[in-house]
Amino acid sequence: MGIQGAALGTVIAEYLGAGYITIVFFKSKKLTTRPGWTAVKHARIKSYFTAAKLGINIAMEDFAWNIGNPVLIRILNAIDEYAAGIYTIVFSVALFVFVCRLGVLGVFLAVLADEFVRAWINLWKYLRIVKRWKPAD
């Protein structure tokens, strides 16, 4: 089936994955923040519009990426069949490095935020102690 088969397989996998995640999200008893159907039905419509306004930019960027990448691969295939393979390998390595760096930076940021919050808590504790302190006469 070629490209059509790959596209069909991707669409089927995406829909099956979305369905599975939806079922697990609403049926699982292990999730601590699990909405019920009544909460979803009775939610204010404004919150849905707010979420849509925030998400539309990300969706459009993802759409542009998913359109642009196959066009780039087609151009590279027109140049040379090895060019698309080299691009895929280089891009995969670069993406792997980016994801690893992003993970390390995320952990670093979490530790830094934790230390910052603890420092502020300790500062306020010490300030309360100093404020209550009265010198002995």
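Residues numbered from 1 in each chain as written. Predicted model: local features only at pLDDT ≥ 70, side-chain atom pairs only at ≥ 80, totals over all residues. Heavy atoms only, no water.

Side note on the overall build of the protein chain
Here is step 1: A tally of regular secondary structure across the protein chain gives four helices and zero strands.
Here is step 2: Mapped in sequence order, the helices and strands of the protein chain form the string α-α-α-α.
Here is step 3: Here the protein chain has a C-alpha radius of gyration of 26 Å; the compact-globule value for 137 residues is 14 Å, and the former is much larger.
Here is step 4: In terms of principal-axis extent, the alpha carbons of the protein chain reach across some 90 × 45 × 30 Å. (Helix = DSSP H or I, 4+ residues; strand = E, 2+ residues; numbered from the N terminus. Rg over C-alpha atoms; globule rule 2.2 N^0.38 Å.)

What about the packing of helix α3 (residues 45-79) against helix α4 (residues 81-132)?
Here is step 1: Closest axis-to-axis distance for the α3/α4 pair is 6 Å, and the angle between their directions is 140 degrees. As judged from the angle between their axes, α3 and α4 are oblique. On the side of α3, the interface is formed by Trp 65, Asn 69, Leu 72, Ile 73, Leu 76 and Asn 77, while α4 contributes Glu 81, Ala 83, Ala 84, Tyr 87, Thr 88 and Phe 91.
Here is step 2: Class assignment of the residues belonging to the contact of α3 with α4 gives a composition of eight nonpolar, three polar and one charged. (Axes fitted to C-alpha atoms, helices over the stretch in contact; angles between N-to-C directions. Parallel < 35°, antiparallel > 145°, perpendicular 65-115°, else oblique. Contact = heavy atoms within 4.5 Å. Nonpolar A, V, L, I, M, F, W, Y, C, P; charged D, E, K, R; others polar.)

Looking at a positive patch on the surface
Here is step 1: There is a patch of like positive charges on the surface, built from Lys 125, Arg 128, Lys 131 and Arg 132.
Here is step 2: Tracing the backbone shows Arg 132 in helix α4. (Patch = residues over 30% accessible without salt bridge, like charges linked within 9 Å, V, L, I, M, F, W, Y side chains within 5 Å. Areas by Shrake-Rupley, 256 points an atom, 1.4 Å probe, with all protein chains shown as cover. Salt bridge = Lys/Arg side-chain N within 4 Å of Asp/Glu carboxyl O. Lys, Arg positive; Asp, Glu negative; His and termini not counted. Charge placed at Lys NZ, Arg CZ, Asp CG, Glu CD.)

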